[in-house]
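Below, each chain spelled out in residue letters.
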Amino acid sequence: MIIRFFIYGIIGWAMEIFWTGMWSVFQGDIRLRGTTYLWMFPIYGLAILLEPIHDRIRFMPWIIRGGVWVLLIWGIEYISGWAIRSVIGVCPWDYSGATEYQINGLIRLDYAPAWFAAGLIFEKLHDTLTRVLEFRLR
C-alpha cells in the first residue's frame, strides 16, 4: 500500500508538471515551464483510496466512469484546497479571477475534460500496479 501511495504521488506530480508546462505555451512561455506544489504529493498519493471505487465501477461504460472521476476529483480538489486554506490561509492553486468557471477559487469547471482523462488514466495505472505488484509477490 505504501509503495502505491508513493507511485500515485510521483505520477500525479509528473502529470501536473506536464500539464502546467504544456499550458505555459498558451501563456507565451515557450520554455514549457511546469510547476506543482509539495502539498500535491500526499493528495495524489491518496488516490490509493480510490482503488476500491474503481473496482466497483469498472463494469460501467467508460463515459460514465469518466463522469464519476470528474465529480470525485472536483470533490477531492475542493475539500483539500479548503483544508489547506483553513490551515495556512491560502490555497496553493487559487483559481480566483483566473476564469469565471471556478468555484471559490478551489475548483475549475472547465478542467472537467482533463479530470475525465486523468480518471481513466488512473484506472489503467491501478490495473497495471495491481498486476505488477501481484506478480512480484508470487
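Because the structure is predicted, anything quoted here is derived from the model rather than measured.

**Q** What's the story with helix H1 (residues 2-26) in this structure? I'm lost.
**A** Three or four residues apart is the spacing at which side chains of an α-helix point the same way, because the helix has 3.6 residues per turn. For H1, which comprises 25 residues, the first-to-last C-alpha distance of 37 Å matches the rise-based estimate of 36 Å (1.5 Å per residue) to within 8%. Restricting attention to buried positions, one finds in H1 the residues Arg4, Tyr8, Gly9, Gly12, Glu16, Gly21 and Ser24. Positive phi appears at Gly28, one or two residues downstream of H1, with a value of about 90°.

**Q** Looking at this structure, I do not really get the environment of Ile57. What am I missing?
**A** Structurally, Ile57 is set in helix H3 (residues 51-57). Expressed as a C-alpha distance, the spacing of Ile57 and Thr128, which sit 71 residues apart in the sequence, is 17 Å. With sequence-adjacent residues up to four places away left out, Ile57 is seen in contact with Arg65, Val68, Trp69 and Glu123.

**Q** I tried to follow the packing of aromatic side chains on my own but got confused; where do I start?
**A** In this description, an aromatic ring pair is defined by two values, namely the gap between the centres and the angle between the planes. In the structure shown here, the tally under the stated rule is 11 aromatic pairs. Summarising the aromatic geometry, the rings of Tyr8 and Phe122 are spaced 5.5 Å apart at their centres and angled 45° between planes, so their arrangement reads as tilted. On the criterion of sequence distance, the pair formed by Tyr8 in helix H1 and Phe122 in helix H5 (residues 112-137) is long-range, its members being 114 residues apart. The class of Phe122 is buried, set by a relative accessible area of 10%. Summarising the aromatic geometry, the rings of Trp19 and Tyr111 are spaced 5.7 Å apart at their centres and angled 80° between planes, so their arrangement reads as edge-to-face. Taken as a pair, Trp19 in helix H1 and Tyr111 in the loop between strand E2 (107-108) and H5 lie far apart in primary sequence, 92 residues in all.

Rules and cut-offs
Counting from 1, residues in each chain are numbered in the order their sequence is written. Note on the predicted model: pLDDT of at least 70 is required for a residue's local features to be given, and 80 or more for side-chain atom pairs to be given and counted; whole-chain, interface and lining totals, by contrast, use all residues. In computing side-chain values, all of the structure's heavy atoms are included and hydrogens and water are not. Per the convention used, a helix needs a DSSP run of H or I reaching at least four residues, while a strand needs a run of E reaching at least two, with both numbered from the N terminus. Here the expected span of a helix is defined as 1.5 Å times the quantity of residues minus one. Only protein chains enter the accessibility calculation, which uses a 1.4 Å probe. A residue is then buried if its area is under 20% of the maximum for its type, exposed if over 50%, and partly exposed in between. Whether two residues are in contact is decided by their heavy atoms: any pair within 4.5 Å suffices. Two rings from Phe, Tyr or Trp (for Trp, the six-membered ring) form a pair when their centres are within 6.5 Å of each other. A pair whose planes differ by under 30 degrees is stacked, one over 60 is edge-to-face, and the rest are tilted.

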